[in-house]
Amino acid sequence: MSTRSVSKPDRRWRQGLWGVGALLLLLGVVEAGVRLLGLMDFPVYEANAEIGYIPVANQQGRYLNRNDWQVNELHMSAPPFRPAPQGNVLLIGDSIVWGGNPYAAHERLGAQLQALTPLRVWPVAAGSWGLQNELTYLAQHPRVVRQMNEIVFVLNSGDFDRPSSWTCETTHPREHPRVATLYLAQKYLLKTACPTEPPAGLAVPAREPLQLLAEFARANPGKPLKFVLYPDRAECEAPALRQARLERFKPLLLAAGATEVHSLGEFAGWRDCTALYKDDIHPHPAGFGQLAAFLRERVAG
């Protein structure tokens, strides 16, 4: 009985198949590991041309299996909306109020403020929201406005520019990625930048935010509208810059209907800029604590 030797092309073909199989197996293991680590357990958003984007209602999770988060039926980063008979505060803003994936619920601003006051604190926010986005939320949720005893805005100098529109899945994903490894590679390795302009149909028409504020104040007479001006790190380190770039909005906000306007940069607890910020604008949890203390002292109640 004779045997037939395997030709070199056949051997190469089989080796290639084994290599592809091994690669697919490795990718499958990595994909499963990424998901088991909780790297895909983050909130998703809905997008439109009115508010730009907002966390989808009724979702919760634990990013990295430890940083718990929750979004209620009214898009607030809070438990289900059950306001107290009296003493409800709506805390509205951008990523400073939202907090983001790196923080557990108890480390974020709303929870730290809630721990300092008997009032019920209801935070609503999204990263990079501007004043127009925030006022749009209030216009879309009159029930929330009616049941609040005061509304507290946390604004930085960039929040008075054009409103934010949805631009890409990297920063504000509308669904959980089908391939987690590819998503993470694009976001953290390739660092794929979002387009500068939103897709067709998702651009929020810009309006003058101070005019919108004046309209909202006239429509809600007697509703306390309190503002906290939050400095970025450069403005924290340079008071003259803070005054020129951020605090110049004080009289403009008051003229537009704000009840009170406070500058965080004037707070003694906000002087150690190196210890408070983790980057150019976002604070460490200890910074959130200092901001919560300022809010409790100046505006909450």
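Note: the structure precedes this text.
The following refers to the structure shown. Note that the structure is a prediction, hence the values are computed from the model and not measured.

1. A few points about the sheet that holds strand β9 (residues 260-263)
Part 1 of the argument: Taking strand neighbours across the sheet as the criterion, the five strands line up as β6-β5-β7-β8-β9 in an open arrangement whose pairing is parallel. For this open sheet the edge positions go to β6 (120-125) and β9, each flanked by a neighbour on one side alone. For this sheet the average axis-to-axis angle between neighbouring strands, irrespective of direction, equals 20°.
Part 2 of the argument: The pairing of strand β5 (residues 88-93) with strand β7 (residues 150-155) spans five bridges and is classified as parallel. Each residue of the ladder has a partner; that of V89, found in β7, is E150.
Part 3 of the argument: Of the strands in this sheet, β5, β6, β7 and β8 (225-229) are in contact with helix α4 (residues 131-140), which crosses β7 at around 160°.
Part 4 of the argument: Helix-sheet contacts for helix α12 (residues 285-298) involve β5, β7, β8 and β9, and the interaxial angle to β9 is about 145°.

2. Quick look at the environment of V29
Part 1 of the argument: Within the fold, V29 resides in helix α1 (residues 8-36).
Part 2 of the argument: Taking relative accessible area as the criterion, V29 reaches 53% and is therefore assigned exposed.
Part 3 of the argument: Between the C-alpha atoms of V29 and I96, which are 67 residues apart in sequence, the distance is 36 Å.

3. Here we look at α4
Part 1 of the argument: For α4, a buried count of eight out of ten residues is recorded, marking the element as mostly surrounded by other parts of the structure.
Part 2 of the argument: When we look at burial in α4, the residues that qualify are L131, Q132, N133, E134, L135, T136, Y137 and L138.

4. Notes on the state of the cysteines
Part 1 of the argument: For the structure on display, the rule yields two disulfides.
Part 2 of the argument: Across a sulfur-sulfur distance of 1.8 Å, C168 and C194 are joined as a disulfide pair. Taken as a pair, C168 in the loop between β7 and α6 (180-189) and C194 in the loop between α6 and α7 (209-219) lie far apart in primary sequence, 26 residues in all.
Part 3 of the argument: By relative accessible area, which is 9% here, C168 ends up buried.

5. Some details on the pairing of strand β1 (residues 45-48)
Part 1 of the argument: As judged from the four bridges shared by β1 and strand β2 (residues 52-55), these two strands associate in the antiparallel manner. In the strand pairing of β2, A47 is matched with Y53.

6. Remarks on the pairing of β7
Part 1 of the argument: Here β7 lies mainly inside the structure; six of its six residues are buried.
Part 2 of the argument: Of the two faces of β7, both are covered, the one formed by E150, V152 and V154 as well as the one formed by I151, F153 and L155.
Part 3 of the argument: Bridge count between β7 and β8: five bridges; the pairing is parallel. Looking at the pairing, F153 lines up with F227 of β8.

Procedures and definitions
Residues numbered from 1 in each chain as written. Predicted model: local features only at pLDDT ≥ 70, side-chain atom pairs only at ≥ 80, totals over all residues. Heavy atoms only, no water. Pairing = 2+ DSSP bridges. Helix = DSSP H or I, 4+ residues; strand = E, 2+ residues; numbered from the N terminus. Axes fitted to C-alpha atoms, helices over the stretch in contact; angles between N-to-C directions. Contact = heavy atoms within 4.5 Å. Buried < 20%, exposed > 50% of the residue type's maximum accessible area, 1.4 Å probe, protein only. Disulfide = S-S within 2.5 Å.

By themselves, these are just geometric observations and shouldn't be taken as functional.
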